[in-house]
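Residues per chain are reported as follows:
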2 protein chains.
Amino acid sequence: MVIDIHGHYTTEPQALLAFRDKQLAGLADPMRKPATNELGITDEQLIKSVEPQVKLQKERGSDLTIFSPRAAGMAHHVGTEATGIEWTRMSNDLIHRICTLLPGNFAPVGQLPQHPGVPPKNCIPELELFDPPLTDKWWYPLYEKLCELEMTAMIHVTSSCNPAFHYTGAHYINGDTTAFMQLVQGNLFRDFPALRFVIPHGGGAVPFHWGRYRGLAQEMKKPLLKEHLLGNVFFDTCVYHLPGIELMAKVIPVDNILFASEMLGAVKGVDPETGHNYDDTKRYFDKLDLSASDKQKIFEGNARRVYPRLNSLLKRRQK
Amino acid sequence: MVIDIHGHYTTEPQALLAFRDKQLAGLADPMRKPATNELGITDEQLIKSVEPQVKLQKERGSDLTIFSPRAAGMAHHVGTEATGIEWTRMSNDLIHRICTLLPGNFAPVGQLPQHPGVPPKNCIPELELFDPPLTDKWWYPLYEKLCELEMTAMIHVTSSCNPAFHYTGAHYINGDTTAFMQLVQGNLFRDFPALRFVIPHGGGAVPFHWGRYRGLAQEMKKPLLKEHLLGNVFFDTCVYHLPGIELMAKVIPVDNILFASEMLGAVKGVDPETGHNYDDTKRYFDKLDLSASDKQKIFEGNARRVYPRLNSLLKRRQK
């Protein structure tokens, strides 16, 4: 079984986007507010909307995708706390319906109704300028709930409100790198030994600068990164070329690597150097000189361990 | 000859730092303003202050370091435009004195007196939130002057005003990645074919995500990155472990890689896995299977080409 742990719903029906336009327009002009949050999307439309993902799963040989709302679409910084809560609920509901309709292909991940400056205690946090780092006690109520529910959090930023930061080319990668560095600086997993985070896009710049992070941790008198973080922090494999994946497999322990492709996501084209899609990341692993048991970990075993609720679900289905 | 193109003056005399404290304290309380900007630092003190760098050059086998003020110390966002101009001049003056005193060991790089929101036309730019990207016409007067003077710019951010972004562990690397992505999005070198940028810290996350950047450029209908950027954009080698350097040598053309160690800089410790300093980056290249001519390019030839004024200087010294 091959589990792809990072997929966004980037093929959502037009009705959802039209609702969002109206919702935000309504902030400036109440007359433009949507009349209803019933989108009128049928099950058939939902199934049709994820046909591209299902087709690529088949072609590329992955089985199950952990599926979340469009990352840039979350846009926590936009609108008000109230519009954010409504938008989150609607986005998550669609994901839930898809995963119920196609349980063999998708397992659900929800976004949080974060809003800048509002504490996560109200489940409305925001990892934005001047909000405290992830290791701050501000976040603890959310972490307690994650642990209680045995849920795993992917730390994934959303779109950027600053045109100087391209969202998939700079802001995402910077968010990943920043999150990891915050965890290096703190001692979060001493307080939450059961908390699990997945950092997407191969961990941003982290594997490439692994020596820098080992060295910084050392200067801060932290334990070795393996003990300090790697029991709780995992990286996905959304890195779109073989040399990057090779580096990752070299510096990150195999137990911390979770297969993912982010399809359909940031980069959809065909790499002229290989003739294959950039984001067909499974092909890169097929080329690596890893044992069958290591590959099983990356493709399935680690995902089952890091997402225990997914594992229970699969077991109930006798997989 | 081995040229290290990225070194900061992190061993500056206490008198400089005391001046800066007084200067900034003077903003809140004019009584605390420094009475003079004559620091009273002697040539002997300056030479003594860079003994650690000179000693390491000898031990590690590099010859000449391109030397700049402490990156985090630039702190453009702090104080006023006027304090920034004074501070820049004083910092650059010290670098100039050191390079005059020890011309065999150091060649100078200056910081710019940037200040948030002030256009670079006045030579007071700031690459901060909501200022336009590097490809914007806002920056053009500065680029015209760089081209006219045949000078090369390293795009290096300074300290972070947000505790969520660790300066050497997140903000620097994020700045590097952001700068590269801005250049991908723009067409700057069509207007400035002779402009040259060096992106430090191995280019941030860029080599690790080289496939992502090739793919994003392709979706934006840009030329191949080689044609679009690599005639004008170069990467230093401040990457503190062998696998990172190996990756870099694999994906970045040898003509675009400039040796650098950033000593004494972000990471000063000894890597327990190798028994050598993390930032002794020359050792990593010594281990790579590169031809002698490629190594000569990385250690010297590229630096002479990318920094033509340095080359003239070395020639005048018959090197």
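The structure under discussion appears in the preceding block.
Below is a summary of the structure that appears in this document. (Residues numbered from 1 in each chain as written. Chains lettered and ligands numbered in written order. Predicted model: local features only at pLDDT ≥ 70, side-chain atom pairs only at ≥ 80, totals over all residues. Heavy atoms only, no water.)

Here we take up helix α3 (residues 51-60) of chain A. All names here are of chain A. All of the buried residues along α3 are Gln53, Val54, Leu56, Gln57 and Arg60. Down the axis of α3, the buried set is contained in an arc of 165°. They therefore lie on one face. Within α3, the exposed residues directed more than 90 degrees away from the buried face are Lys55, Lys58 and Glu59. Packed against the buried residues of α3 are β1 (3-9), α2 (43-49), β2 (64-69), β3 (106-108) and α12 (281-287). Gly61, located one to two residues past α3, shows a positive phi value of around 90°. (Buried < 20%, exposed > 50% of the residue type's maximum accessible area, 1.4 Å probe, protein only. Helix = DSSP H or I, 4+ residues; strand = E, 2+ residues; numbered from the N terminus. Arc of directions from axis to C-beta. Contact = heavy atoms within 4.5 Å.)

Another aspect to go through is the side chain of Glu262 of chain B. Within the secondary structure layout, Glu262 of chain B lies in the loop between β7 (257-258) and β8 (270-271). In terms of polar contacts, Glu262 of chain B uses its side chain to reach the side chain of Arg212 of chain A, at 3.2 Å. For Glu262 of chain B, the side chain forms a polar contact with the side chain of Tyr240 of chain B, separated by 2.9 Å. Setting aside anything within four residues of it in sequence, one finds Glu262 of chain B in contact with Arg212 of chain A together with Asp4, His6, Gly7, His8, His156, Tyr172, His201, Cys238 and Tyr240 of chain B. (Polar contact = N/O pair within 3.5 Å; in protein donor to acceptor, adjacent residues only side chain to side chain.)

Moving on, we get to the interface of chain A and chain B. With 58 residues of chain A at the interface, the matching set in chain B holds 58 residues. A combined buried area of about 4800 Å² lies between chain A and chain B, and 57% of that area is made up of carbon and sulfur atoms. In terms of surface lost to chain B, no three residues of chain A exceed Phe208, Arg212 and Arg214 of chain A, which account for 17% of the buried area on that side. The tally of links between chain A and chain B comes to 8 salt bridges. The partner of Lys250 of chain B in a salt bridge is Glu246 of chain A, with the nearest N and O atoms 2.8 Å apart. Summed over the shared surface of chain A and chain B, the number is 30 residue pairs in polar contact (both at pLDDT 80 or more). Broken down by secondary-structure element, the contributors of at least two residues to the side of chain A that touches chain B are α7 (167-185), α9 (210-219) and α11 (242-251) of chain A. (Buried area = accessible area lost by both parts, 1.4 Å probe. Salt bridge = Lys/Arg side-chain N within 4 Å of Asp/Glu carboxyl O.)

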